[in-house]
Amino acid sequence: MLLRKILSLRLFRLSLRFILPLALALGLFAFAVVPLVDSLTLHWFVKDLDIRSQSLANAMQDPLAEYVPLNARDRILQLFDRAIRDERLYAIAFCDNRGRVVYQTLTYPKALGCREAPPDGRPLPAQVNLAQGSLHVAERTIEGDNGSLGRLILVHDMSFIEHRSAEARLYVLALFGVLTMVISLISVVVAHLSWRGWINAVKGMLRGERTPNAASAGQVDIQPLVGDLHAMLRELNLERRVLVDSPQLWTPDKLRSLLHDELAGDEVLVVSNREPYLHVHSEQGITVHRPASGLVTAVEPVMRACSGTWIAHGSGSADRETVDRQDRVAVPPDKPSYTLRRIWLSKEEEAGYYYGFSNEGLWPLCHIAHVRPVFRSADWEYYVAINRRFAEAVVAEARTDDPVVLVQDYHFALVPRMVRELLPKATIITFWHIPWPNPESFGICPWRAEILEGLLGSTILGFHTPFHCKNFLETVDRYLETRIEHEASTISYGGELTQVASYPISIAWPDSVADSPIDAVTSVAGCRRSVRDQCGLSHQQLVAIGIDRLDYTKGIIERFEAIERMLELHPDMVGRFTLVQIAAPSRSSLEEYQSLETRVRSLAARINERFPAGAQSPILLKIEQFDTSQVNRYYRAADVCLVTSLHDGMNLVAKEFIASRDDELGVLVLSQFTGAARELHEALIVNPYHIEQSADAIYRALVMPAAEQRDRMRSMRVLVRDFNVFRWAGHMLLDAARLRRRERIMTKIRAHSRPYLRRAAAS
Ligand code: F6P
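Residues numbered from 1 in each chain as written. Predicted model: local features only at pLDDT ≥ 70, side-chain atom pairs only at ≥ 80, totals over all residues. Heavy atoms only, no water.

## What about the nonpolar core?
Side chains that are nonpolar tend, in soluble globular proteins, to be buried together. This is how it is decided: Remark: nonpolar core denotes a set of buried residues (Ala, Val, Leu, Ile, Met, Phe, Trp, Tyr, Cys) joined through side-chain atoms within 4.5 Å. Exposure is judged per residue with a 1.4 Å probe applied to protein chains only, and the accessible area is read against the type maximum: over 50% gives exposed, under 20% gives buried, and values in between give partly exposed. Where each domain begins and ends is defined by an automated method or by a domain database. Whether two residues touch is decided by their heavy atoms; if any such pair falls within 4.5 Å, the residues are in contact.
Grouped together as the largest cluster of nonpolar side chains are 95 residues, with contacts concentrated most on Phe 472 and Phe 577. Counting only domains with at least three residues in this core, you end up with domain 2 (288-502) and domain 3 (520-723). Apart from residues lying up to four places away in sequence, Phe 472 is in contact with Trp 436, Leu 452, Leu 455, Leu 456, Leu 461, Phe 463, Ile 491 and Val 500. Among the nonpolar cores identified, the runner-up in size contains 77 residues, and Ala 298, Trp 310, Ala 654 and Leu 733 belong to it.

Okay, structure coming up:
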C-alpha cells in the first residue's frame, strides 16, 4: 500500500516534470504567435477592403458620370446614403478636380478633406486613425465623357477588424491551451506506462528473472542499471545478514545448535541418487572415492554437521562388500559422523530410472540446452518403482514418525508424496538442484501432472533462484487445480500446503587449518609450479582451467570455440596460453554423452593443430576423474577459471574456485546462464553462445591487472564465505522449524475445537 502511495506520488511529480516545461514552452510559443496572427489578419482584411472599395467605386462610376455634370446633388447624396447602409462603409465624398469636397455624406470626417497627395509623391496610407476611430480610405477617379470629373473617396470603418482580430487572438490562445492539455495528457499516459514497465522490469529482476526478458517485457531497457541494482541489493543483504546472522557466520556448529534448539534434535534423513562415498575395487584393493557432483559437494558437509542417515544408490563396484547387514556404512571413512544407507539397483532399473527417465527425459527437459528430451513409458515405470523403493527406505530408516527428510533433485520427484502418504507428520524439504523451465517447456513431459503432484507432497520445495520458483508456480498454475498464494509463495493442494522458496546453494568455506593446511606444496606458488610441471607447461605459461562433468550443458564446445577466437584475435597468446580442461566422464552409456566426448576431443585436436605450440598447445584435455585435492591444486594454479555452462542451476565450480584463492588473485569468467551469476557479479559475466564476447572476456581476464583481480576476488570471497552451504541448509531448516511449529499449533487447535464442533453439530 505504502509503496503504491509512494509510487503514485512519484508519478505525480514525474508528470509535473513533464507538464510544466511543456506548458511554459507552448505559452512562450503562443506569445510569439499572437502578434503574427494579428498582423496577418489585418493584412487580409485591408486587402479585402481594397477590393470592396474598388467594386463599389466601379458600381458608382456610371451614375456619377451622369449626375455630376448635371450637378444633381439630391440624386448623388441619395446614391451615397444608399451605399453607406452597408454597416462597414462609413462615409463617402466626392471631390472636384480643384480639390474641393463637393458632395459628402454626413458621416464624412472633415479632417480627411480631399486627401491631397504630399509634394514628394508618396502614396497616402490607406489606414488612418481619427477621432472616429480607425478608418480605411480608398480613392477612385470618376471619368466623364471629356475626361476626369473628380475623385470618389470611400471610407470604411475598421473597428470590425479589431473585433475579429481579438477573436482570432482568443482562438489561438484557446488552441494552445487545448494543445497543452492534450500533449500533457499523452505525455503523462506514456510516462505512466514507461514507469510501470520500468517498475515491472526491476521487480522481475529482483524476483530473479533473466534481465533481458524482464526488460523487454516492459519494453524498457534496464540493462545499464542491473549492475548498480545488484550492488545495492548486495549491500542490503549484507546489512540484513549482519542483523540476522551476527555475530556468528553460519558454521557446522551453528547448524548443529539450530537442529538442537529449533528442531528439538529431530532426526535428519537425506535421499539422493548419488552417494557421497563410493567404494571401488582398484589395484590398491578397495578404495574410497568422492563423485564429481555438485549435490554431494554441498550436502555432505551438512550431513557431517547434522549426523542422521543418507539414503543413496550404491553404485561403487565394492559397495556391497563394505556395508553391514542393513546395507549401512558409517561415513566419512576417516571420521564417521553419519550413516550411509545404500539402495541396490539392477542394471535394467538403473537404465530405466537413472539413464532413461532422469537423464534422457528430465535433465534435457529442465536445462533447455537444445538436446531433445526422450520420454519412454518403460523408463517412467522404473522411475515410479525406484522412487517407491527410496520412499520405503525412508520409512524403514526413520526412528520417529515426524523426521526431517531432505529429498534431493530430479531423480526423486515422486518421493515427497510417497513419504507424505507413509509418514504424514514428516517435514519434507525437497531441493531441486537443476533449473525449472517455463510451463510450455515442462508441458512436454507426458507425466507432468504426476511429477507436480509428487513434488507437492513436500513441506518446502527449494530452488536455486527466485526465477526457477516463479517458473514452478506458473507450471503448477497451468497444469494442476490448486490454490496459489503468490505473495506468500505457497501452493495448497489436496488440503496440504507447500512453501516454494529459493535457497541458493553453496559450498563449505575451507577451513585453512583443518581442510587444507598450507605448506610449500599447497601454497599458491607451490600449486602453480607443480601443476605446470605436471602438464609440461613452462612456468610463465598463462593457464585457464575448466573443471566440469563431461556434459553438454556445460558449454565445453563453446568454451573451446571462444579460445580459438581469442587466439585468432591475439596471435601473441599462441604458445603463451593454455586451457587445462578437466572433464569428468559422466553418464557415458548415453549416446548423447558419447557423441559429446567425440566432438570435444576432435575440436581440441583441431584447435591445437591450428595453433601449433609444441608442449604449450592451447588446449590440454584431460577426460578423467580428479579427486578434491587435485582439483583444488588446479584452482590455485590457474590464472583464470572458465565456467561457460549453457544452463546450470547454480554451478559450484565457480564458488570452489573463489574459495580456493586465498591469495585473492585469479579471474572468474562466468556464464550468465548459471545460478551463480546471480550472486557473483564481480566475475566477468558472458553469454557462452556469443563466441566473440567470451573470447574478449578470456583475453581481458588474462591481461587483467593484479589490483583489479584483487578487488573482484575479495568481494566474491566475502560473499561465498558468508553465503555458505551451512547457511543454505540452515535457512531451509529454520523455515521447516517454523512450519512444524505452526503445524503443531494447528493440530492442538483442531483437537481442542473438535468437542465444541461436535456439540454445535448435535444441537
Ligand atoms: O546438477 C544436478 C546434479 O545432481 C548435481 O548434483 C551433479 O553435479 C550432477 O547433477 C550429478 O550428476 P550424476 O549424479 O548423474 O553424475
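## Considerations on the environment of Glu 450
Put simply, the test is: In this description a helix means any DSSP run of H or I spanning at least four residues, a strand means any run of E spanning at least two, and both kinds are numbered starting from the N terminus.
Counting through the fold element by element, Glu 450 comes out in helix H12 (residues 448-455). The sequence separation of Glu 450 and Val 384 amounts to 66 residues, and the corresponding C-alpha distance is 9.9 Å.

## As for the site of the ligand
The condition that has to hold: Whether a residue is near a molecule or strand depends on its heavy atoms: if one lies within 4 Å, it is near. N or O atoms closer than or at 3.5 Å make up a polar contact, with two conditions inside protein: a donor-capable atom paired with an acceptor-capable one, and, for residues adjacent in sequence, both atoms drawn from side chains. A 1.4 Å probe and the Shrake-Rupley method give the accessible areas. Residues count as covered only by the protein chains that appear here.
Looking at the ligand, the residues that line it are Arg 274, Ser 293, Gly 294, Leu 295, Tyr 354, Trp 363, Asp 409, His 433, Ile 434, Arg 549 and Arg 587. Between the ligand and Ser 293 there is a distance of 3.3 Å, counted from an oxygen atom to a side-chain nitrogen or oxygen. Between the ligand and Gly 294 there is a distance of 3.1 Å, counted from an oxygen atom to a backbone nitrogen or oxygen. Relative to its unbound accessible surface of 390 Å², the ligand loses 90% to contact with the protein. Where the shell around the ligand is concerned, the elements lending two or more residues are helix H7 (294-306) and helix H8 (347-367).

## Structural notes on the pairing of strand S18 (residues 542-549)
Heads up, the condition is: Pairing between two strands is assigned when DSSP locates at least 2 bridges connecting them. Orient the strands so they point away from the viewer, and a crossover whose first-strand-to-second-strand path over the helix runs clockwise is right-handed.
Extensive coverage of S18 is indicated by the burial of eight of its eight residues. Taking every second residue as pointing to the same face, both faces of S18 are buried, with Leu 542, Ala 544, Gly 546 and Asp 548 on one and Val 543, Ile 545, Ile 547 and Arg 549 on the other. Bridge analysis of S18 against strand S19 (residues 577-584) gives eight bridges, and the strand direction is parallel. Residue pairing in the sheet places Asp 548 in a bridge with Ala 583 of S19. Between the parallel elements S18 and S19, the chain passes through helix H15 (residues 556-569) in a crossover that is right-handed. Sheet analysis places S18 next to strand S21 (residues 640-643), joined by two bridges and oriented parallel. From the neighbouring strand, Ala 544 faces S21, where its bridge partner is Val 640.

## Considerations on empty space enclosed by the protein
Filter applied, for reference: A pocket, in this scheme, is an open set of points on a 1 Å grid over the protein atoms alone with protein on both sides within 12 Å along at least 5 of 7 lines, while a cavity is a set where a 1.4 Å probe fits but cannot get out; residues line either one if an atom lies within 4 Å of a point. Grid points are joined across faces, edges and corners, and a volume is the space filled by probe spheres set on the points.
If you walk through the whole model with that rule in mind, you get two cavities of 30 Å³ or more. Its boundaries defined by the atoms lining it, the largest cavity holds a volume of some 70 Å³. As for the largest cavity, its lining consists of Val 299, Val 302, Leu 406, Gln 408, Ile 429, Phe 431, Trp 728, Ala 729, Met 732 and Leu 733. Going through the elements one at a time, H7, strand S12 (404-408), strand S13 (427-431) and helix H21 (725-762) are the ones with two or more residues in the lining of the largest cavity.

## Looking at H12
Given 3.6 residues per turn, any residue in an α-helix points the same way as the ones three and four places further on. We count it as follows: Throughout, the arc means the angular range of directions from the helix axis out to the C-beta atoms.
Listed as buried for H12 are Ile 451, Leu 452, Gly 454 and Leu 455. Projected onto a plane normal to the axis of H12, the buried residues spread over an arc of 160° and lie on a single side.

## Some words on the confidence of the model for the protein chain
Detailed reading of predicted coordinates is not advised where the pLDDT is low. Applicable threshold: Note: pLDDT gives the predictor's confidence per residue, expressed from 0 to 100.
Here the protein chain averages 89 in pLDDT, while 89% of its residues score no lower than 70. Scored below 50 in pLDDT, residues 210-220 shows 22 contacts in the model against residues more than four places distant or in partner chains. Scored below 50 in pLDDT, residues 238-247 makes ten contacts in the model with residues more than four places away or belonging to other chains.

## Notes on the sheet that holds strand S1 (residues 89-96)
Here is the rule we go by: In this analysis an axis means a line fitted to C-alpha atoms, helices contributing only their contacting stretch, and an angle means the value between N-to-C directions, from 0 to 180 degrees.
With antiparallel pairing, five strands are arranged side by side in an open sheet as S2-S1-S5-S4-S3. Strands with a single pairing partner mark the edges of an open sheet, and in this sheet they are strand S2 (101-104) and strand S3 (127-130). Ignoring which end each strand starts from, the neighbouring axes of this sheet average 30° apart. With seven bridges connecting them, S1 and strand S5 (residues 147-157) associate as antiparallel partners. Paired with Leu 89 across the two strands is His 156, which belongs to S5. Where helix H2 (residues 73-83) meets the sheet, its contacts fall on S1, S2 and S5, and the angle it forms with S2 comes to roughly 55°.

## Some thoughts on the packing of aromatic side chains
Formally: Pairing of aromatic rings covers Phe, Tyr and the six-membered ring of Trp, with a centre-to-centre limit of 6.5 Å; geometry is then stacked below 30 degrees between planes, edge-to-face above 60, and tilted otherwise. Only when the NZ of Lys or the CZ of Arg is both within 6 Å of the ring centre and within 35 degrees of the ring normal is a charge said to sit over the ring.
Within this structure, the stated rule accounts for 25 aromatic pairs. Aromatic side chains Trp 380 and Trp 447 sit 5.1 Å apart centroid to centroid with 10° between the ring planes, which places their arrangement in the stacked category. Here the residue Trp 380 occupies a position in helix H9 (residues 377-397), and Trp 447 occupies one in the loop between helix H11 (439-442) and H12, the gap between them amounting to 67 residues. In this structure, Arg 88 is placed above the aromatic ring of Phe 160, and the distance from its NZ or CZ to the ring centre is 4.4 Å. Lying over the aromatic face of Trp 363, Arg 587 brings its terminal NZ or CZ to 4.0 Å of the ring centre.

## Describing the environment of Val 374
Of note, Val 374 is situated in the loop between H8 and H9. Remark: the alpha-carbon pair of Val 374 and Pro 364, spanning ten residues in sequence, is separated by 8.5 Å.

## Thoughts on the side chain of Gln 499
As for its position among the elements, Gln 499 is in strand S17 (residues 496-502). Leave out the neighbours within four places in its chain, and Gln 499 touches Thr 459, Ile 460, Leu 461, Ala 488, Ser 489, Thr 490, Arg 738 and Leu 739.

## Topic: helix H17 (residues 628-637)
Those residues of H17 that fall on the buried side of the exposure criterion are Val 631, Arg 633, Tyr 634, Tyr 635, Arg 636 and Ala 637. The elements touched by buried residues of H17 are helix H14 (524-535), S18, S19, strand S20 (619-622) and helix H18 (652-660).

## Describing the state of the cysteines
How we decide: Criterion for a disulfide: a pair of cysteine sulfur atoms within 2.5 Å.
Under the counting rule described, the total for this entry stands at one disulfide. Across a sulfur-sulfur distance of 2.0 Å, Cys 95 and Cys 114 are joined as a disulfide pair. Linking Cys 95 and Cys 114, the disulfide has an S-S dihedral of approximately -105° and is accordingly described as left-handed. Of the two residues, Cys 95 is situated in strand S1 and Cys 114 in the loop between S2 and S3; the sequence distance between them amounts to 19 residues.

## Points about the side chain of Thr 41
Along the polypeptide, Thr 41 turns up in helix H1 (residues 2-70). A distance of 2.7 Å separates a polar atom in the side chain of Thr 41 from the backbone oxygen of Asp 38. With residues near it in sequence (within four places) discarded, Thr 41 still touches Ser 165 and Ala 168.

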